[in-house]
Amino acid sequence: MFARTPRLTLRPGWPEDAAALTQAIAHEAVAFKLARLPWPYTAANAAEWLNRPQSPRDFTLLIMAHEGLCPRLVGAIGIHPDEGHGDIKGGHEIGYWLTPDAWGRGYATEAGHAMLGIARHAIGLRRLRSGHFIDNPASGRVLAKLGFRNTGVEMRHCLALGIDKPCAKLELDLSTEGSCEDPERMAA
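Position labels on residues start from 1 in each chain and follow its written sequence. Residue-level local features of this predicted model are given only where pLDDT is at least 70; pairs of side-chain atoms are given and counted only at 80 or more, and the full residue set underlies all totals for whole chains, interfaces and linings. For side-chain calculations, the full set of non-hydrogen atoms in the structure is used, while hydrogens and water are omitted.

### Considerations on the nonpolar core
Core analysis: the biggest nonpolar cluster contains 33 residues, and L10, M115, L128 and F148 have the highest contact counts within it. Those elements that provide at least two residues to this core are β2 (8-11), β3 (59-65), β4 (72-81), β5 (92-98), α4 (107-123), α5 (137-145) and β8 (163-173). For this core, the element with the highest residue contribution is α4, accounting for 9 residues. Apart from residues no more than four positions distant in its own chain, F148 is found in contact with I94, L116, L128, R129, S130, L143, L170, E171 and L172. Residues enter a nonpolar core if they are buried and are Ala, Val, Leu, Ile, Met, Phe, Trp, Tyr or Cys, with the set joined through side-chain atoms within 4.5 Å. Summary of the burial criterion: residues with accessible area below 20% of their type's maximum are buried, those above 50% are exposed, and those between are partly exposed, where the area comes from a 1.4 Å probe applied to protein chains only. Within the second largest apolar cluster, 20 residues are counted, among which are A18, L62, L73 and A76. Here a strand is any run of E in DSSP of at least two residues, a helix any run of H or I of at least four, and the numbering for each starts at the N terminus. Contacts are assigned to residue pairs with any non-hydrogen atoms lying within 4.5 Å of each other.

This is the structure in structure tokens:
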């Protein structure tokens, strides 16, 4: 599956993306904001991640920014079954990350709108969950712009730090219109 926005292309990762993926994600500032990223992150981690099987209801797309002469890998965004809630009725979670020099440019919000369109129109989900560590309020602002509403706080493990941290829980009802932009820009 692919999606195109005015400034971004969302596409599957390929084995030849391993070096660019490692360069983009292997920052403490990224790793410590994510729940499932090992630290330190190596090229072997990137190769393993890029070669993992994905299902139609559990997938991640790389975020490629159209800067300069060729697109540049600036992050990733994905939808996967929510731990303990991964049923076909909408127990899925959206997650994303951006490399530090792409922060503050609106890329996460732009990619998020595209993924909401995919979740609603291509996958047929009716509800999405998400979360962000409390010490990452920028991610909370992105989720609010996408229409997510707070549902509470829970402790979630941060693999990179090896500790549990407070995490805001959020939810979005996709059964109402207004949660995505331009579904015609999607391609399966």
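So that's the structure; there's more coming.
### Remarks on the packing of aromatic side chains
When we look at a pair of aromatic rings, we describe it by the centre distance and by the angle of the planes. When two rings of Phe, Tyr or Trp (its six-membered ring) have centres within 6.5 Å they constitute a pair, described as stacked for plane angles under 30 degrees, edge-to-face for angles over 60, and tilted for the intermediate range. This model, assessed by the stated rule, comprises 1 aromatic pair. The interplanar angle of 75° and the centroid separation of 6.2 Å between the aromatic rings of F32 and W39 together place this pair among those described as edge-to-face. Judged by its relative accessible area of 29%, W39 falls in the partly exposed class. Distance and angle both matter: a charge sits over a ring if NZ of Lys or CZ of Arg is within 6 Å of the ring centre and within 35 degrees of the ring normal. The side chain of R52 reaches across the aromatic face of W49, ending 4.1 Å from its centre. Its end group placed over the ring of F133, K165 keeps NZ or CZ at 4.3 Å from the ring centre.

### Brief notes about the pattern of salt bridges
The rule for a salt bridge is simple: a side-chain nitrogen of Lys or Arg has to be within 4 Å of a carboxyl oxygen of Asp or Glu. According to the stated counting rule, one finds 12 salt bridges in the structure shown. One salt bridge connects R105 with E67, and the closest N-O pair in it is separated by 2.5 Å. With R105 in the loop between β5 and α4 and E67 in the loop between β3 and β4, this residue pair connects regions lying 38 residues apart in the sequence. The partly exposed category is assigned to E67, whose relative accessible area is 22%. Of the charged contacts, one joins R156 and E93 as a salt bridge, the two residues approaching to 3.1 Å between their closest N and O atoms. Within this pair, whereas R156 is found in strand β7 (residues 149-158), its partner E93 is found in strand β5, the two being separated by 63 residues in sequence.

### Quick word on unusual backbone geometry
Phi is mostly negative for residues that are not glycine, and the peptide bonds are mostly trans. Residue P40 is reached from W39 by a cis peptide bond, and omega for that bond is 0°. Structurally, P40 is set in the loop between α2 (28-31) and α3 (43-50).

### Brief notes about the packing of helix α1 (residues 18-25) against α3
Axis geometry follows a simple rule: fit a line to the C-alpha atoms, using only the stretch in contact for helices, then measure angles between N-to-C directions, giving values from 0 to 180 degrees. The interhelical angle for the contact between α1 and α3, taken along N-to-C directions, is 120°, at an axis separation of 8 Å. Both α1 and α3 take part in a crossing whose hand is right-handed. Contact residues: A18, L21 and T22 in α1; A43, A46, A47, W49 and L50 in α3. Residues are grouped as follows: nonpolar covers Ala, Val, Leu, Ile, Met, Phe, Trp, Tyr, Cys and Pro; charged covers Asp, Glu, Lys and Arg; every other residue, Gly included, is treated as polar. By residue class, the composition of the contact of α1 with α3 is 7 nonpolar, 1 polar and no charged. By definition, turning the near helix anticlockwise from the far helix through less than a right angle yields a left-handed crossing, and turning it clockwise yields a right-handed one.

### A few points about the confidence of the model for the chain
A residue-level look at the chain finds 89% of positions with pLDDT of 70 or above and a mean pLDDT of 90. The secondary structure element of the chain with the lowest average pLDDT is strand β9 (residues 186-187), at 48, and the one with the highest is β8, at 98. Here residues 85-90 is modelled with pLDDT under 50, and outside its nearest four sequence neighbours on either side it reaches 12 contacts, counting other chains as well. Per-residue confidence from the predictor is given as pLDDT, running between 0 and 100. Note that residues 179-188 has pLDDT below 50 and, in this model, 25 contacts with residues that lie over four places away or in other chains.

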